[in-house]
Amino acid sequence: QVQLVESGGGLVQAGGSLKLSCAASGTIFGIDTMSWYRQAPGKQRELIAIIDAHSGTDYADSVKGRFTISRDNAKNTVYLQMNSLKPEDTGVYYCYILAQTSMDGRLYDYWGQGTQVTVSS
């Protein structure tokens, strides 16, 4: 059974930084895409950052220049470095991966449990 465990959330003042981690465990033959979503209070979950199998990245306009997504394939872990945080960054952050977890060679998707990030003004 594959699971994603997130860590690194917390409380921070505007302008501060946090680094989120998401580690995948279980039977994993390879991970394709890894990404981060967030869900602000009363809003829909949205894609924040994504990194592909070759470390190509893309970001939502709202976080470009402030957030950096990275991955450590040896540890099956994805990170999100968040700098210059703003109150509007507040929300629950979820990691999401597409991974080969079966001998059938197909990609399956998995969600982390979510970690709360609160940015005060």
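Procedures and definitions
- Residues numbered from 1 in each chain as written.
- Predicted model: local features only at pLDDT ≥ 70, side-chain atom pairs only at ≥ 80, totals over all residues.
- Heavy atoms only, no water.
- Buried < 20%, exposed > 50% of the residue type's maximum accessible area, 1.4 Å probe, protein only.
- Helix = DSSP H or I, 4+ residues; strand = E, 2+ residues; numbered from the N terminus.
- Pairing = 2+ DSSP bridges.
- Contact = heavy atoms within 4.5 Å.
- Axes fitted to C-alpha atoms, helices over the stretch in contact; angles between N-to-C directions.

(A) Quick look at the pairing of strand 4 (residues 30-39). Summarising burial for strand 4: seven of the 10 residues are buried, a large majority. Bridge count for strand 4 against strand 9 (residues 91-100) is eight bridges, and the pairing is antiparallel. Looking across to strand 9, one finds that I31 is bridged to A99. Where strand 4 meets strand 5 (residues 46-51), five bridges bridge the pair, whose relative direction is antiparallel. When the bridges of strand 5 are listed, S35 appears paired with I50. If you look at the hairpin formed by strand 4 and strand 5, you'll find six residues sitting between the two strands, and G42 has a positive phi there, around 75°.

(B) Molecular detail of the environment of R45. One can find R45 in the loop between strand 4 and strand 5. As a C-alpha pair, R45 and Y93 span 48 residues in sequence and 8.9 Å in three-dimensional space. In contact with R45, not counting residues within four places along its chain, are Y37, R38, Q39, Y94 and W111.

(C) Local environment of the sheet that holds strand 7 (residues 67-72). Read across the sheet, four strands follow the order 1-3-8-7 without closing on themselves; strand pairing throughout is antiparallel. With one partner strand each, in any of the chains shown, strand 1 (3-7) and strand 7 form the two edges of the open sheet. Going across the sheet, the axis of each strand differs from the next one's by a mean of 15°, ignoring polarity.

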